[in-house]
Amino acid sequence: MKKKHGICGLCFHSPGCGVVAYFDESNRIVRLEPDPEAPLGRVLCPMANSVEEIIYSEKRLTHPLKRTGAKGTYDFEKITWDEAYDIIVDKLMDIKEKSGPQAAGFYAGTGSYERSFKDSFKLKSAEIYLATTLLFPYGSPNTFGVGAPCYTSLGVLAPKLTMGCLHIDMYSDVDNSDLIFVWGTDPSTSTPPVMFEQLKTAAAEGAEIVVIDPRRTKSTELKGSEWIPIRPGSDGALALGLAHILIRDNLYDKEFVDRWTLGFNEFSEYVRTFTPEYVATVTSISKETIEDLAERIIDAEGASYVMYTGLEYTKSGVQNIRAVMVLWALAGHLDVEGGRCFLGQDRTFFLPTQHQLESPGWEKSIGKDQFPVYAHYCGGEPHASLLPKAIIEEDPYPISALMVLGASLATAWPNPALWKKAFEKLEFLVSIDLQLTRDAAYADIVLPATTAFEQASYCYYGNAIRYREQLIKPIGQSKPSYQIVTELANHLGYGNLFFQHPEELLAHILAENGYNLEDLMQSDRHTLLLSKKPMEYRKWENGLLRKDGHPGFDTPSGKFEILSTVLEQFGYEGLPKYTESDETPISNPDLYRRYPLIFGTGPFKPDMKSCLRAIPTFIEKYPYPVVEINPEDAKARKISTKDLVVIKTPRGKVTMRAHITDKIMAGFVYAPVGGGGPQGPKEWQQANVNELTDHQQYDPISGFPVYKTLLCQIKKKKRIRKGIASADPNLGCGG
């Protein structure tokens, strides 16, 4: 069987896992194996087992499509690419003439996160890629991205506001930690999954693993691990309570505080009320456990944490994450061996930005004056949560056309009915994806995209760059997203503003770093790797964190900002204060009596939201959507595993099947995202969990919806219809 070294092309969440791809006699990829000698090649996520099913799925889009039926249906006819481009351009020009360029928008989802696409179409002043610049030369500032409901709080806002860096500018030195907090994340299901392998090694060598999570994840099965269930959404209170103990007992890093922090005195005064007794009532963690955690953090020779998006989805998501960062700095575990460390300025390849385009102006967008901190760090990107209001109510002005790339808004955002209403009002909608989405039911044009196996590009790992070889030809007439958007720019008359092929952009990046394509292609596995340098710690002391080379942090004050000057500049609270979400047992006890369970949502791996609902191995593992419920809560409701149950919130109700497990704390239930689309079994198609969430509950800093701390009730479904209900006139009242 033929095999080839390459890069996995199933998702764009990771930088690009190294694989060995195996091909059958028809040159179809049939299997993937890890490639330990390649970047991120030690282990693959479970999706790799379904590679053939994903690439060659019968649900793949293979031709451009044009609507023939009414909106809300999937009635399309095949058209050519030139016909599709002509229709799109003609419509955009018509809307521009009638309503102005600002009436058109573009939403980019995780399907756009291929590396060359990000580097080409990133907003110039954005800290990371979140949205695309395709419509900037057209004149529209209204570009949106999946960073509006995911990752940006942890990845950009919290670290920039506090330390002046990004999440990817840091790493947790778990290889040298003797205490590791796994806080609000499940590394065993992450992409890439390499962190869980590091945790397994650390545990085997004697490191303590503390899992803080309302769910008992796989990390709790590691040797020496401890599960500390926490009331969902109260993580910030726990971090502040632990900081309180450090300050109370004079165990914090006084030298660091005195020389390098801003706002410690104000913070110290604020956390005085966060006593172990008080925090125990907020978090449902005993005061003895809280005291013990603080002591273990201080006593650790090196303490680090593994965290992802679990802390983001509350009303104080950004501040919760900042509180953890402050705790680590006070404990003396910032940029020390075994702690939470900075990469430094000279340990990564430089990514040039001079070719990227600036927004026509945030003040001209529908997001003007709303979520200003998000816009400040995201290149003037308006927040996507504002789209329905602009479309439906024409406030502050109408959005008439929208292009959606690699996303399903109707299944990803709260209140699907609101998005449906918006789609119905849109004059023109384009969907670009691997398969039909719920959004596509309202699209006028659908364009078929490819997996990354079907394109040539490159991957960026910080200290390494690797060429992504095209392993197979595109399926049908599908095209890579990079090619689609570049060709759209060509048809709109300004293609000269973008690199026409990823290899052109790659050559430009390499040249800026003193290399060329020949250097890359002649290297092992087509990978250029920066030489290793001895690690220097406490980098703020030696000017290794600031672009100007001065000591300190790359913040406005030059210090570690416990009190954020940027937050205060935009009218927010500068300290990492804890705020209860609007719908919790503490903030709304009356509602809690009616809805006595805490409700959270998220993906069930291996899946990527709604993308894999039609994949046989996924259906085999999850033939229907299940809500996880603790045995105690199930018994009180006379619910058994596989029973059909109705989940109710003040917004609506959704039917799923129960999965009773002691791997979730009592009083909390967890349901999967990704249902409600046209793919997969009927039960999945009818189970859009966002019927239960609330578009009016969000973090005022990031705009992130509150997905993890809502209230619900679950009851066993009383009646299951076996046929279609119909009215019988003979049962009416006789005159």
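For the structure, see preceding data.
Quick look at the structure, then.

Each value, and the rule that gives it
- Residues numbered from 1 in each chain as written.
- Predicted model: local features only at pLDDT ≥ 70, side-chain atom pairs only at ≥ 80, totals over all residues.
- Heavy atoms only, no water.
- 1 Å grid on protein atoms, 1.4 Å probe; cavity = no way out; pocket = protein on both sides within 12 Å on 5 of 7 lines; lining within 4 Å.
- Points joined across faces, edges and corners; volume = space filled by probe spheres on them.
- Nonpolar A, V, L, I, M, F, W, Y, C, P; charged D, E, K, R; others polar.
- Phe/Tyr/Trp six-rings, centres within 6.5 Å; stacked < 30°, edge-to-face > 60°.
- Buried < 20%, exposed > 50% of the residue type's maximum accessible area, 1.4 Å probe, protein only.
- Helix = DSSP H or I, 4+ residues; strand = E, 2+ residues; numbered from the N terminus.
- Pairing = 2+ DSSP bridges.
- Right-handed = clockwise from strand over helix to strand, strands pointing away.
- Patch = residues over 30% accessible without salt bridge, like charges linked within 9 Å, V, L, I, M, F, W, Y side chains within 5 Å.
- Areas by Shrake-Rupley, 256 points an atom, 1.4 Å probe, with all protein chains shown as cover.
- Salt bridge = Lys/Arg side-chain N within 4 Å of Asp/Glu carboxyl O.
- Lys, Arg positive; Asp, Glu negative; His and termini not counted.
- Charge placed at Lys NZ, Arg CZ, Asp CG, Glu CD.
- Axes fitted to C-alpha atoms, helices over the stretch in contact; angles between N-to-C directions.
- Polar contact = N/O pair within 3.5 Å; in protein donor to acceptor, adjacent residues only side chain to side chain.
- Contact = heavy atoms within 4.5 Å.

Here we come to empty space enclosed by the protein. Enumeration over the complete set of coordinates arrives at 5 cavities of 30 Å³ or more. Space inside the largest cavity adds up to approximately 100 Å³. As for the largest cavity, its lining consists of Cys-8, Leu-10, Cys-11, Ser-14, Cys-17, Leu-44, Cys-45, Met-47, Ala-48, Thr-191, Pro-192 and Pro-193. Per-class residue counts for the lining of the largest cavity are 10 nonpolar, 2 polar and no charged. Volume-wise, the second largest cavity comes out at about 60 Å³. Residue classes in the lining of the second largest cavity are distributed as 3 nonpolar, 6 polar and 1 charged.

Note on aromatic pairs: each is described by the distance of the centres and the angle between the planes. Under the defined criterion, the tally for this structure stands at 30 aromatic pairs. Ring centres 5.3 Å apart and planes at 50 degrees place the aromatic pair Tyr-270 and Phe-274 in the tilted group. Across the pair, exposure class does not vary: Tyr-270 and Phe-274 are buried alike. Here the aromatic rings of Phe-668 and Tyr-670 are separated by 6.4 Å at their centres, their planes lie at 50 degrees, and the arrangement is tilted. Overall, Phe-668 belongs to the buried group, its relative accessible area being 3%. Classification of Tyr-670 as buried rests on a relative accessible area of 6%. Among the aromatic residues, those joined into a cluster by ring pairs are Tyr-113, Phe-117, Phe-121, Tyr-129, Tyr-482 and Phe-498.

Here we come to the pairing of strand 10 (residues 208-212). Of all 5 residues making up strand 10, 4 are buried, and the element is well covered by its neighbours. Sheet topology note: the strand 9 (residues 179-183)/strand 10 ladder contains 5 bridges and is parallel. Residue pairing across strands places Phe-181 opposite Val-210, the latter belonging to strand 10. Where the polypeptide runs from strand 9 across helix 5 (residues 194-204) and back to strand 10, its parallel neighbour, the crossover connection is right-handed. Of the strand pairs in this sheet, strand 10 and strand 11 (residues 225-228) are connected by 4 bridges, and their pairing is parallel. Residue pairing for strand 11: Ile-209 is matched across the bridge by Ser-225.

Okay, a negative patch on the surface next. Taken together, the side chains of Glu-77, Asp-82, Glu-83, Asp-86 and Asp-90 make up a negatively charged region of the molecular surface. Among the elements that line the negative patch, the one with the most residues is helix 2 (residues 81-99), at 4 residues.

Along helix 4 (residues 152-163), 12 of the 12 residues are buried, which leaves the element largely enclosed by surrounding structure. Those residues of helix 4 not exposed but buried are Thr-152, Ser-153, Leu-154, Gly-155, Val-156, Leu-157, Ala-158, Pro-159, Lys-160, Leu-161, Thr-162 and Met-163.

Attention shifts here to the pattern of salt bridges. According to the stated counting rule, one finds 40 salt bridges in the structure shown. In this structure, Asp-249 engages Arg-248 in a salt bridge whose closest nitrogen and oxygen atoms are separated by 2.8 Å. Residue class for Arg-248 comes out partly exposed when judged on its relative accessible area of 39%. One network of salt bridges, with partners in common, ties together Asp-253, Glu-255, Arg-259, Arg-538 and Glu-541.

Right, let's talk about the sheet that holds strand 13 (residues 303-307) for a bit. Taken together, the 4 strands give an open sheet; going across it, the order is 11-10-9-13, and neighbouring strands pair in parallel fashion. In this open sheet, the two strands that pair with only one neighbour each are strand 11 and strand 13. Going across the sheet, the axis of each strand differs from the next one's by a mean of 20 degrees, ignoring polarity. As judged from the 5 bridges shared by strand 9 and strand 13, these two strands associate in the parallel manner.

Among the secondary structure elements, Lys-122 is positioned in the loop between helix 3 (115-121) and strand 7 (143-145). Although Lys-122 is buried, it forms no salt bridge, and the closest oppositely charged side chain is Glu-127 at an N-O distance of 7.3 Å. For Lys-122, the side chain forms a polar contact with the main-chain oxygen of Ala-126, separated by 2.8 Å. At a separation of 3.3 Å, a polar atom in the side chain of Lys-122 contacts the side chain of Gln-356. When sequence neighbours within four positions are dropped, the list of residues in contact with Lys-122 reads Phe-117, Glu-127, Ile-128, Tyr-129, Ala-131, Thr-133, Thr-353, Gln-356 and Leu-357.

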